[in-house]
Amino acid sequence: MLSMLLTTVIAQTAAPAPLMPIPSPRQLAWHRLETYAFVHFGPNTFSGKEWGEGREDPKSFAPTALDVEQWVKAFKAGGMKMVILTAKHHDGFCLWPSKYSTHTVAQTDHKRDILRELSNACRKHGLKLGVYLSPWDRNHPTYGTPEYNDVFVKMLEEVLTGYGTIDEVWFDGANGEGPNGKRQVYDWPRFIETVRKHQPGACIFSDAGPDVRWVGNEAGHSAPTCWAMVKKDRYVPGTPHYKELTEGAEDGELYIPAEADVSIRPGWFYHADQDSKVKSRDTLIDLYFRSVGQNANFLLNVPPDRRGILHENDVAALAEFGSFIKGLYARDFARGAKVSSSVSRGRGFEASRVVDGRDDTYWAAPDDTVSATLELEMRPQTFDVVMLQEVMALGQRIRRFSVEARIDGGWREIAKGTTVGWKRLLRLPAPVTASAVRVRVEDARACPTLHTVGLLKTP
Ligand code: FUL
């Protein structure tokens, strides 16, 4: 009897067993980034095209006042944690002096290695660096033959070994015809192996992962239900199942979280006639809540202009967005609240951990318990955003939840939802002033975990 009791106590005070599939360390590091910048820059910037044909004169790539540090400073002000550069877009033009192509910055008059300059500026200002390399190449003479896969691997190696740490490699799924009218059969396993060999910490993005998946739209948002998992054998780059990519799959065998990409302008590349169409601060904020706030990372494209700098309008929008994000997290009104929970797993998993501001300690319900309520008691606080975060290292679990607040002595439901994941942000229609908040986890795939319940106020 005593030994049975003891095993129960021990079992309940051990951490929950991970619920497969779970993220790799590189995916966990990626989750932490949340918001980062995309840079589409190249001959298209000068030709006005979105998809260059690969026959553009390299000398046309002639920025008049190139200043990569200006980009990085603007991104930093925008709260971006990484910059992903189109080192090679579909036109095949390389923004570094590749030895394996004659269509690169080495063939320009200025001969500036844009990837080098960006790498240096990112290190200087503490941002991470990612590279977009399009396998589709409308310039390279070997495209459409097995030899091209060797060329692409060599190019990858140049980029992955010569520019310091690379944190994301972005493989575009587009696969069109090359200069000889042929399409390429891409050697994905080899491309992936090359990244793993030279940059084991880098997350690989494509429609199919293996680390990060496309969100299924280029509008910059996921869905209110968004699982980090997807079904196996459903995806190859270039054949997206849009809705499944947006929502993921609760019973997916693979952990491949979503990244929501969008451009701050209608086009991915700079076009002067779009200077007045830069997304407003409010639109960017809305997309932030619908991506980061719905378990996806937010990849915002801001293309340099023909001077080689970010346009004033884009810089202003970035700064306003960045100061909003800073203000949003400036104060968490849940800090200091007294927290209790309807169930207890025991020592080490106390409810109080969800308001301590840490992401390495957490609350967890006992095994076999899929619903539980956390109650926060506090001095009356005014907030309009509720933040929830699961312990993704143990697998995404929560299926359904609701949030209630004690307002003027009575309880009122203020928010509800389905999935939580890395982060769920719930915007309330108006600020509420409450002296207590209840988070009810109504259903989960296994005992729920949360490392954060936050109460925020939009600035
Ligand atoms: C697409 C490309 O075809 C666009 O030009 C752009 O690079 C976008 C991010 O991905 O597949």
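For clarity, every value in this text was computed on a predicted model and none was experimentally measured.

A. The arrangement of the site of the ligand in detail. Around the ligand, a shell composed of Phe38, His40, Trp51, His89, His90, Tyr132, Trp170, Asp172, Glu218, Asp261 and Trp268 is seen. For the ligand, an oxygen atom lies 2.8 Å from a polar atom in the side chain of histidine 90. Considering the ligand on its own, with 290 Å² of exposed area, one finds that the protein chains cover 89% of that surface. In a pocket analysis with a 2 Å cut-off to the grid points, the ligand is assigned to the second largest pocket. Partitioning the shell around the ligand into residue classes produces five nonpolar, three polar and three charged.

B. Here's a closer look at the pairing of strand β18 (residues 452-456). Where burial is concerned, most of β18 is hidden: five out of the five residues are buried. Burial along β18 is two-sided: Thr452, Gly454 and Leu456 facing one way and Val453 and Leu455 facing the other are all buried. As defined by bridge partners, strand β13 (residues 372-389) adjoins β18 across five bridges and the pair is classed as antiparallel. Within β18, the residue paired with leucine 388 across the bridge is valine 453.

C. Spatial organisation of the side chain of asparagine 217. Tracing the chain through its elements places asparagine 217 in the loop between β6 (212-214) and β7 (229-230). You can call asparagine 217 buried: its relative accessible area is 14%. A polar atom in the side chain of asparagine 217 sits 2.8 Å from the backbone nitrogen of alanine 219. Reaching out from asparagine 217, the side chain makes a polar contact with the backbone nitrogen of glycine 220 at a distance of 3.2 Å. If we ignore the near neighbours within four places in the chain, the residues touching asparagine 217 are Thr246 and Asp261.

D. Main features of the pattern of salt bridges. For the structure on display, the rule yields 33 salt bridges. Here aspartate 275 and arginine 265 are joined by a salt bridge, their closest N and O atoms 2.9 Å apart. Of this pair, aspartate 275 sits in the loop between β9 (258-263) and α9 (281-291) while arginine 265 sits in the loop between β9 and α9, and the two are 10 residues apart along the sequence. A salt bridge links aspartate 443 to arginine 399; the nearest nitrogen and oxygen atoms lie 3.4 Å apart. Here the residue aspartate 443 occupies a position in strand β16 (residues 424-444), and arginine 399 occupies one in strand β14 (residues 398-407), the gap between them amounting to 44 residues. One salt-bridge network, in which partners are shared between bridges, spans Lys49, Glu53, Arg55 and Glu56.

E. Examining the layout of surface pockets more closely. Counted as a void, the largest pocket has a volume near 590 Å³. Contributing to the lining of the largest pocket are 27 residues, with Arg32, Glu34, Lys81, Tyr329 and Lys423 lying nearest its centre. Listed by contribution, the elements that provide at least two residues to the lining of the largest pocket are α2 (25-33), α4 (68-77), α10 (312-328), β13 and β18. With four residues, α10 is the largest single contributor of residues to the lining of the largest pocket.

F. Local environment of the sheet that holds strand β4 (residues 168-171). If you trace the eight strands once around the closed barrel, you get β1-β2-β3-β4-β5-β6-β9-β10, paired in parallel fashion. Direction aside, the axes of adjacent strands within the sheet are offset by 25° on average. The pairing of strand β3 (residues 128-133) with β4 spans four bridges and is classified as parallel. By the bridge assignment, valine 131 is partnered in β4 with valine 169. Those strands touched by helix α7 (residues 188-198) are β4 and β5 (203-206), and its axis lies near 165° from that of β4.

About the cut-offs
Residues numbered from 1 in each chain as written. Predicted model: local features only at pLDDT ≥ 70, side-chain atom pairs only at ≥ 80, totals over all residues. Heavy atoms only, no water. Near = heavy atom within 4 Å. Polar contact = N/O pair within 3.5 Å; in protein donor to acceptor, adjacent residues only side chain to side chain. Areas by Shrake-Rupley, 256 points an atom, 1.4 Å probe, with all protein chains shown as cover. 1 Å grid on protein atoms, 1.4 Å probe; cavity = no way out; pocket = protein on both sides within 12 Å on 5 of 7 lines; lining within 4 Å. Sits in = over half its atoms within 2 Å of the grid points. Nonpolar A, V, L, I, M, F, W, Y, C, P; charged D, E, K, R; others polar. Buried < 20%, exposed > 50% of the residue type's maximum accessible area, 1.4 Å probe, protein only. Helix = DSSP H or I, 4+ residues; strand = E, 2+ residues; numbered from the N terminus. Pairing = 2+ DSSP bridges. Contact = heavy atoms within 4.5 Å. Salt bridge = Lys/Arg side-chain N within 4 Å of Asp/Glu carboxyl O. Points joined across faces, edges and corners; volume = space filled by probe spheres on them. Axes fitted to C-alpha atoms, helices over the stretch in contact; angles between N-to-C directions.

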